[in-house]
Amino acid sequence: MLRKLLIGTALATSFAFSAHAADVKEVQMLHWWTSGGEAAALNVLKQDLAKEGYAWKDVPVAGGGGDAAMTALKAMVAAGNYPTASQMLGYTVLDYAAAGVMGDLTETAKKEGWDKSVPAALQKFSVYDGKWVAAPVNVHSVNWLWINKAVMDKIGGAEPKTFDDFIALLDKAKAAGVIPLALGGQNWQEATMFDSVVLSTGGPEFYKKAMNDLDEESLKSDTMKKSFDNLAKLVTYVDPNFSGRDWNLATAMVIKGDALVQVMGDWAKGEFHAANKTPGTDFLCYRFPGTDGSVIYNSDMFGMFNVPDDRKAAQVALATATLSKSFQSAFNVVKGSVPARTDVPDTDFDACGKKGIADLKKANEGGTLFGSLAQGYGAPPAVANAYKDVISKFVHGQIKTSDEAVTELVKAIDDAK
């Protein structure tokens, strides 16, 4: 399907690179990292490559979920304007690999020992047909709460261990005149929160069956209905202006103390970091109530395209720098995520980062490391998009009940398969 789309796409003019770019020692990067914290993290890589004499050709396409960037990438590839690399998620990497447009990093991977240091869950998406086609940058997890500590202290709140605890905490914030829950009304944000709600409501085994295996009995079960009911409860604590809000603006609400909590992936911590906030002092990081011990993950990857021979040295330099231990530490300290390599020490990470690294190790070893359906790691893009659409319609009242939501979800996923 992707191959047909690439052949049929004709819009690449606005993103086309100069034909002379290949003559320059340059890395061309397409990405959607445009918030302050994300830009600061990416700057770590720019600086590393600059030391090796590589110029950086930035192709940023705003939109935290990456949909706009992937539309731009599709147009570029269809026109033969391959970037050195593009930020990509899970199944999208495999789609482009199947379409025959990805490069081969296997020689570099062997030299650098990636197969021993990168978790198997990530290799599933970065290796295609025995060849490394992408360099994993990080491991993000989405089942986090980010809380303003001053507001928490003001309302006398404590870490919520169960979903009912969480509702009680939100009620306290509401009673104190603070926006309880900061949310951006974009489908990927809403679905990202629902990932955590499903894990909290149904437990690890249910999450895997429903969100990774797409088991129909689980998708239409009473547990899934209860998950939608729980999502509906959370939406009642969101301010009326949430529709269309970017994720980082929702994070800013928590940073400023306008809202108590945000349910978001750990890229949110990059915004706290950029605002010079410290965990334990200015903000708190807890696992979404009822999900401690499990990690719902995604991983930003730099998909490497089959560029001409005179651009491959730059690509190898980018891949090598991306998976170096020093970059994996420095980048993820700023980004809020944890390293894609399991052999990077947690020395430079703050308390939230250390917890993230420990949680990832425990989940990886215990079989409770699950791909985020909202973030492109639970199922292929068509299914993920269908899922996000149904969740968003439910949040915005176009789907009225949990019974209707379950019926629509089963149908949408079935149609998308």
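Residues numbered from 1 in each chain as written. Predicted model: local features only at pLDDT ≥ 70, side-chain atom pairs only at ≥ 80, totals over all residues. Heavy atoms only, no water.

Going by what an unreviewed UniProt entry lists, the protein chain is known as Probable sugar-binding periplasmic protein and is assigned to Mesorhizobium captivum. A UniProt comment under Function (unreviewed entry) is attached to the protein chain, and it reads "Part of a binding-protein-dependent transport system for a sugar." The heading Subcellular location (unreviewed entry) in the UniProt record of the protein chain holds the text "Periplasm". (UniProt positions renumbered as here; feature names shortened; annotations may be inferred.)

Colleague: Would you take a moment to explain the sheet that holds strand S7 (residues 138–141) for this structure?
Modeller: Working definition: the strands of a sheet are paired by backbone hydrogen bonds and lie parallel or antiparallel to each other. In spatial order, the strands read S14-S7-S12-S15; together these four strands make up an open sheet with mixed pairing. Among the strands making up the open sheet, the edge pair consists of strand S14 (338–339) and strand S15 (369–371). Here S7 pairs with strand S12 (residues 295–298) via two bridges, running antiparallel. Its bridge partner being in S12, Ser 141 is matched across the sheet by Tyr 297. Packed onto the sheet, helix H16 (residues 325–335) meets S7 and S14 and runs at close to 25° relative to S7. (Pairing = 2+ DSSP bridges. Helix = DSSP H or I, 4+ residues; strand = E, 2+ residues; numbered from the N terminus. Contact = heavy atoms within 4.5 Å. Axes fitted to C-alpha atoms, helices over the stretch in contact; angles between N-to-C directions.)

Colleague: Explain the state of the cysteines to me, please; I cannot follow it from the model alone.
Modeller: Note: disulfide means a covalent bond formed between the sulfur atoms of two cysteine side chains. Evaluation of the coordinates by the stated rule reveals one disulfide. A sulfur-sulfur separation of 2.1 Å characterises the disulfide bridge that pairs Cys 285 with Cys 352. Here the S-S torsion is close to -105°, and the disulfide linking Cys 285 with Cys 352 is therefore left-handed. Here Cys 285 is found in strand S11 (residues 283–287), whereas its partner Cys 352 is found in helix H17 (residues 351–366), with 67 residues between them in sequence. A single burial state applies to Cys 285 and to Cys 352, both of which are buried. (Disulfide = S-S within 2.5 Å. Buried < 20%, exposed > 50% of the residue type's maximum accessible area, 1.4 Å probe, protein only.)

Colleague: How do you make sense of the pairing of strand S13 (residues 301–304) when you look at a structure like this?
Modeller: One face of the sheet, then the other: side chains in a regular strand alternate in exactly this way. Where burial is concerned, the two faces of S13 agree: the one with Met 301 and Gly 303 and the one with Phe 302 and Met 304 are both buried. Across four bridges, the pairing between strand S3 (residues 85–88) and S13 is antiparallel. Looking at S13, one finds that Gln 87 is bridged to Phe 302. Pairing geometry for strand S6 (residues 134–136) and S13, over three bridges, is antiparallel. Within the sheet, the bridge partner assigned to Pro 136 lies in S13 and is Met 301.

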